[in-house]
Amino acid sequence: MTIPETTAAAAAGAGPHASRILLRRPRFAARLRDRTVFGWLFLLPLIIFNLFVVVVPSAFSVWYSFTDWTGISSKAHFIGLQNYRNLFRDPEFVQGLEHNILWTVFFLVVPMAMGLFGAYALSRIHRFRLLFRTLYFIPYIVASVVNASIWRSILDPQNGLGNLLHINPLGDPQLALWSVEFVNNWAWWGFLVVVFLAAMQGVNPSLYEAAAMDGAGATRQFFAVTLPAIRPTFAFLGLMTIIWSFLAFDYVYILTQGGPAGSTDLLSTVAYRNAFSNLQGGYASATGIVMALISAVVVTVYLVIRKTREWET
């Protein structure tokens, strides 16, 4: 007896219910295939868009980083690792990397601490919480060009706070980087408040009740209950802060364009200047690849830690 005959005999022996099940299985499989095909058809425009906007330019950037491409000429001669060897001998690149590290440390400490404190303060109140969340979040959603332009006028050494305090926040090499970080932080920390608050609201209230029964006060509850409970969110925001710190560009360029005397230069502004002012497209591509590699290392470390700690974000 062949396999189809065996299946049919089994179905007949099992009664009409089994026969209906066997008839439904091919229909279910066909529907599943149709849904899969329709799903890929809906994703196809996005895949094509990402292919031409992300994948193809990234591949060209990798290739141009090994050439002497000027950025405007179609000719690009392969020079191997020469651009990468020149990077770490370039004072501008080294200075930009140092400033990026300082920038990252600042945003890992100051905005994160402010965001945690603001979220914890909001979690302790019930009236006007939505109003405060909105006020904190507004600077984040306002365009960086608008924010930077407003603060440039506020810090103006002739008509703003600079004149009142007798300083030039954006023109003094000792103050410029800190001033740009302050402005960027003003727009950034409200976002952290909202995310941390959402994580805190997801903490099981019974944990606070148990801690209170053990005699823990508000401060002890924060360090013993809140922080461990939101650790995955804290780690994820730390990861994104590091990545975004190495991609920072808009506030620096609008406020100082990397000056004065390179005191606010970041890797992004160095790459921009090499690409569009110095016409060193291949060299700027090498800078971009180094920035991408730094981000890749950070993401890899985070994924390893997340897997070993079994964090859920």
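The coordinates are above.
Residues numbered from 1 in each chain as written. Predicted model: local features only at pLDDT ≥ 70, side-chain atom pairs only at ≥ 80, totals over all residues. Heavy atoms only, no water.

Undergrad: Can you explain the overall build of the protein chain? Please cite residues and give values.
TA: Scanning the protein chain from N- to C-terminus turns up 14 helices and zero strands. Counting from the amino terminus, helix and strand elements in the protein chain follow one another as α-α-α-α-α-α-α-α-α-α-α-α-α-α. Expressed as a percentage of its 313 residues, the buried residues of the protein chain come to 35%. Pairs at least 24 apart in sequence give 68% of the contacts found in the protein chain among residues at least 6 apart. Carbon and sulfur atoms provide 68% of the accessible area of the protein chain, an area that totals close to 19200 Å². (Helix = DSSP H or I, 4+ residues; strand = E, 2+ residues; numbered from the N terminus. Buried < 20%, exposed > 50% of the residue type's maximum accessible area, 1.4 Å probe, protein only. Contact = heavy atoms within 4.5 Å. Areas by Shrake-Rupley, 256 points an atom, 1.4 Å probe, with all protein chains shown as cover.)

Undergrad: Go over helix α4 (residues 91-123), please, and point to the residues and values.
TA: The end-to-end C-alpha distance of α4, which contains 33 residues, comes to 47 Å, matching closely the 48 Å that a straight helix rising 1.5 Å per residue would cover. Phe107 marks the point of greatest bend in α4, at about 25°, and the proline Pro111 comes within the next four residues. Sitting at the amino-terminal end of α4 is Asp90, which places a side-chain oxygen 3.1 Å from the backbone nitrogen of Glu92. (Expected span 1.5 Å × (residues − 1). Bend = angle between axes of the 7 residues up to and from the residue. Polar contact = N/O pair within 3.5 Å; in protein donor to acceptor, adjacent residues only side chain to side chain.)

Undergrad: Hey, could you go over the packing of α4 against helix α13 (residues 267-276) for me, with residue numbers and the actual values?
TA: Between two packed helices, the angle of one axis relative to the other and the distance separating the axes together describe the packing. Following both chains from N to C, one finds α4 and α13 inclined at 150°, their axes separated by 8 Å at the closest point. Relative to α13, α4 is oriented roughly antiparallel. On α13, the residues that touch Glu92, Phe93, Gly96, Leu97 and Asn100 of α4 are Leu267, Val270 and Arg273. (Axes fitted to C-alpha atoms, helices over the stretch in contact; angles between N-to-C directions. Parallel < 35°, antiparallel > 145°, perpendicular 65-115°, else oblique.)

Undergrad: How would you explain the nonpolar core if you had to name every residue and give the values?
TA: Core analysis: the largest hydrophobic core is formed by 38 residues, its most contacted members being Trp103, Val180, Leu192, Phe196, Met200 and Ile230. With 13 residues, helix α8 (residues 176-201) is the largest single contributor of residues to this core. Filtering out sequence-adjacent residues up to four positions away, Phe196 remains in contact with Met112, Gly115, Leu116, Ala119, Ile230, Phe234 and Leu237. Formed by 10 residues, the second largest nonpolar core is a distinct cluster that contains Tyr84, Phe93, Ala286 and Val290. (Core = buried A, V, L, I, M, F, W, Y, C linked by side-chain atoms within 4.5 Å.)

Undergrad: Kindly report on the packing of aromatic side chains, identifying the contributing residues and their values.
TA: Taken as a whole, this structure holds 26 aromatic pairs when the rule is applied. On the numbers, 4.8 Å between centres and 65° between planes, the contact of Tyr120 with Phe222 is edge-to-face. Taken as a pair, Tyr120 in helix α4 and Phe222 in helix α10 (residues 218-229) lie far apart in primary sequence, 102 residues in all. Considered together, Tyr120 and Phe222 belong to a single accessibility category, that of buried residues. Here the aromatic rings of Phe222 and Phe223 are separated by 5.2 Å at their centres, their planes lie at 85°, and the arrangement is edge-to-face. (Phe/Tyr/Trp six-rings, centres within 6.5 Å; stacked < 30°, edge-to-face > 60°.)

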